[in-house]
Protein chains: 2
Amino acid sequence: MTKPIHHHKDYYAPEEKLYVATDCIIFGFDEGVLKLLVFKRRVEPLKGTISLIGSFVHPVESAGEAAKRVLREITGLEDIFMEELKSYSAVERDPGARCISIAFYALIRIEESNKSLVANHGAIWLELDTLPKLVLDHGQMVKDALDRLREKAKFYPIGVELLSKKFTIPQLQKLYEAIYQKKMDTRNFRKKLLSLNLLIPLDEKDMSGSKKGAFLYKFNYNKYKKLETKGFNFSLFKT
Amino acid sequence: MTKPIHHHKDYYAPEEKLYVATDCIIFGFDEGVLKLLVFKRRVEPLKGTISLIGSFVHPVESAGEAAKRVLREITGLEDIFMEELKSYSAVERDPGARCISIAFYALIRIEESNKSLVANHGAIWLELDTLPKLVLDHGQMVKDALDRLREKAKFYPIGVELLSKKFTIPQLQKLYEAIYQKKMDTRNFRKKLLSLNLLIPLDEKDMSGSKKGAFLYKFNYNKYKKLETKGFNFSLFKT
DNA sequence: TCAAAAGTGTTCTCCTTACACCCATGA
DNA sequence: TCATGGGTGTAAGGAGAACACTTTTGA
């Protein structure tokens with residue numbers, strides 16, 4: 001069977017429609033550890049089960065728009081780094097109905113989210129490395145999203161999406177160490193990072209992490225956008 | 001709105017289902033140029049329009065299974081390199097009906113395909129760099145797939161999926177030159193390639209490309225699989 | 001004998017890596 | 001004054017990039 005002719009309803013009619021949902025793998029970084037925003041049922045049935053935050057894709061929106069809507073409804077945030085991960089469409093993935101899900105992963109700054117909105121939705125932040133079992137194939141989604149994050153962060157400085165807009169180099173290093181679960185060398189990390197010329201040094205220090213204080217930087221989004229389109233190598237280290 | 005409770009049909013009932021299709025971006029390599037397998041309507045209506053090859057996703061199969069089925073039905077091939085590209089779900093993407101598509105790209109050896117099966121389905125190979133306009137958002141799909149192929153081929157030797165099982169190094173180089181649209185240095189290409197130790201040299205020569213003839217090689221899939229799981233850097237050149 | 005493609009080595013440069021000490025400050 | 005985290009430089013090794021000629025053989 002090949003692609004049906006378009007604009008002729010007869011070609012669609014005999015086909016079966018499916019439920020289409022989206023699930024968001026929402027990463028955050030807090031207290032030196034990677035966290036995931038999940039939905040914990042507080043009432044029966046299935047009280048206590050943990051799932052990703054998602055929604056059906058409505059007729060008036062694309063999957064990406066649905067995912068953005070979910071993120072906005074739960075966290076109050078807009079203009080967030082979000083990318084399609086992949087689709088999940090195994091026949092038996094959802095025992096309740098034939099339902100495919102298009103998963104998106106997002107990186108957000110926890111402190112910018114609307115905490116009461118989050119709480120009102122029954123959403124909570126859990127540490128990634130002590131995650132309990134999630135419903136359906138959501139565990140697999142998280143695993144896939146983490147793999148993708150690791151791949152992506154090798155070549156693109158997306159880590160900055162997880163930190164405050166003003167951040168210190170030690171903070172960024174701790175984030176990378178959390179993502180890749182390994183210690184890095186301070187000197188090499190700084191050298192490579194600064195050689196990209198994508199950080200704007202500020203005249204402020206963050207005094208929360210040490211007595212000496214660490215200089216704050218801002219990410220140069222404008223410069224990055226220009227480089228990105230030209231295809232730049234952002235690799236922060238050798239694998 | 002958060003994720004509905006599963007196993008309770010009431011949560012699905014009020015939602016609208018959508019048509020779910022899959023489209024395949026099928027790459028081939030022949031006569032030194034990259035080609036795409038497309039479907040050309042030979043009868044009215046819409047005679048002459050060109051689209052990717054696709055199908056609806058049926059209730060009994062996942063999107064990936066649907067894509068594999070399409071590939072098998074059109075080319076007779078199984079066990080082909082195929083990966084999910086991304087989903088396309090813009091509300092107005094298909095004027096005929098609200099229909100999302102999950103696109104997959106595949107790399108096949110043209111000479112192994114069932115030529116009459118291909119022809120019977122009205123499928124034809126078109127050169128990638130002189131593609132006409134495709135229906136719907138299929139042009140965008142091809143562009144995205146090509147970007148993905150370029151990204152992927154940098155780090156994984158997937159090019160071999162497009163060549164005969166026995167191939168010569170000059171053939172592989174020509175393929176890479178076609179993918180990246182740039183000339184490469186023979187000596188550096190061979191050096192890097194052979195240093196991966198993934199090619200099994202054969203005692204045969206391919207005499208079709210030159211009077212001198214070029215030695216044939218086979219790809220060492222077993223070794224590759226082992227390296228792949230350990231996370232190896234297959235980059236064939238610096239971007 | 002010549003045209004056309006296959007095959008081969010070396011040098012330079014740059015990036016990555018490994019590695020250890022001083023600095024600033026608040027407690 | 002001392003404990004804590006912030007910040008700095010250099011040398012060695014390895015990978016990528018640039019570069020030109022010889023080999024084979026059918027026409």
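Residues numbered from 1 in each chain as written. Chains lettered and ligands numbered in written order. Predicted model: local features only at pLDDT ≥ 70, side-chain atom pairs only at ≥ 80, totals over all residues. Heavy atoms only, no water.

1. Observations concerning the pattern of salt bridges
Residues and elements named next belong to chain B.
And then number 1: Summed over the entire model, instances satisfying the criterion amount to 27 salt bridges over all chains.
And then number 2: Notably, a salt bridge pairs K165 with E112, separated by 3.6 Å at the nearest N-O pair. Here E112 lies in the loop between strand 6 (99-107) and helix 2 (115-120) and K165 lies in the loop between helix 3 (138-155) and strand 8 (166-168), a separation of 53 residues in the sequence.
And then number 3: Residue E112 is classed as partly exposed on the basis of its relative accessible area of 33%.
And then number 4: Of the charged contacts, one joins D185 and R187 as a salt bridge, the two residues approaching to 3.5 Å between their closest N and O atoms.
And then number 5: By relative accessible area, D185 is classed as partly exposed at 32%. (Salt bridge = Lys/Arg side-chain N within 4 Å of Asp/Glu carboxyl O. Helix = DSSP H or I, 4+ residues; strand = E, 2+ residues; numbered from the N terminus. Buried < 20%, exposed > 50% of the residue type's maximum accessible area, 1.4 Å probe, protein only.)

2. Let's talk about the packing of aromatic side chains
Residues and elements named next belong to chain B.
And then number 1: A complete count under the given rule lists 13 aromatic pairs over all chains for this structure.
And then number 2: A centroid spacing of 6.0 Å and a plane angle of 65° characterise the contact between F81 and Y105, whose relative ring orientation is edge-to-face. Placement of F81 in strand 5 (residues 81-88) and of Y105 in strand 6 is noted, with a sequence separation of 24 residues between them.
And then number 3: Under the relative-accessibility criterion, Y105 is labelled buried at 0%.
And then number 4: Above the plane of the ring of Y88 lies K86, whose end atom (NZ or CZ) is 4.1 Å from the centre.
And then number 5: Seen from the ring of Y156, K152 lies directly overhead, with NZ or CZ sitting 4.4 Å from the centre. (Phe/Tyr/Trp six-rings, centres within 6.5 Å; stacked < 30°, edge-to-face > 60°. Lys NZ or Arg CZ within 6 Å of the ring centre and 35° of its normal.)

3. Section: the packing of helix 3 (residues 138-155) of chain A against helix 4 (residues 169-180) of chain A
All names here are of chain A.
And then number 1: Contact pair helix 3 / helix 4: the axes reach a minimum separation of 10 Å and the direction vectors enclose 140°. Viewed along their axes, helix 3 and helix 4 adopt a mutual orientation that is oblique. The chirality of how helix 3 crosses helix 4 is left-handed. Facing helix 3, whose interface residues are L149, R150, A153 and K154, helix 4 presents Y176, I179 and Y180.
And then number 2: In terms of residue class, the contact of helix 3 with helix 4 is built from 5 nonpolar, no polar and 2 charged. (Axes fitted to C-alpha atoms, helices over the stretch in contact; angles between N-to-C directions. Parallel < 35°, antiparallel > 145°, perpendicular 65-115°, else oblique. Left-handed = near helix turned anticlockwise from the far one by under 90°. Contact = heavy atoms within 4.5 Å. Nonpolar A, V, L, I, M, F, W, Y, C, P; charged D, E, K, R; others polar.)

4. Considering the pairing of strand 1 (residues 19-30) of chain A
Residue and element names in this part refer to chain A.
And then number 1: Of all 12 residues making up strand 1, 11 are buried, and the element is well covered by its neighbours.
And then number 2: Bridge count between strand 1 and strand 6 (residues 99-107): 9 bridges; the pairing is parallel. Of the residues in strand 6, the one forming a bridge with D23 is A103.
And then number 3: Pairing of strand 1 with strand 4 (residues 53-56) involves 4 bridges; the strand directions are antiparallel. When the bridges of strand 4 are listed, A21 appears paired with F56.
And then number 4: Note: strand 1 against strand 2 (residues 33-40), 5 bridges, orientation antiparallel. (Pairing = 2+ DSSP bridges.)

5. Points about the pairing of strand 2 (residues 33-40) of chain B
Residue and element names in this part refer to chain B.
And then number 1: For strand 2, a buried count of 6 out of 8 residues is recorded, marking the element as mostly surrounded by other parts of the structure.
And then number 2: Count of turn residues in the strand 1 (residues 19-30)/strand 2 antiparallel hairpin: 2 residues, of which E31 carries a positive phi of about 55°.
And then number 3: Strand direction decides the pairing type here: strand 2 and strand 7 (residues 123-127), joined by 5 bridges, are antiparallel. For L36, the partnering residue across the bridge sits in strand 7 and is L126.
And then number 4: For strand 2 and strand 3 (residues 50-51), the ladder comprises 2 bridges, and the chain directions are antiparallel. Among the inter-strand pairings, F39 is bridged to a residue of strand 3, identified as S51.

6. A short note on the environment of L34 of chain A
Residues and elements named next belong to chain A.
And then number 1: Mapped onto the secondary structure, L34 falls in strand 2.
And then number 2: By relative accessible area, which is 7% here, L34 ends up buried.
And then number 3: Not counting residues within four places of it along the chain, the set of residues in contact with L34 comprises G28, F29, L126, E127, L128, L146, L162, L175, A178 and I179.

7. Digging into the side chain of S62 of chain A
And then number 1: By secondary structure assignment, the location of S62 of chain A is in the loop between strand 4 and helix 1 (63-75).
And then number 2: The contacts of S62 of chain A, once residues within four sequence positions are left out, are V57 of chain A together with S89, A90, V91 and R98 of chain B.

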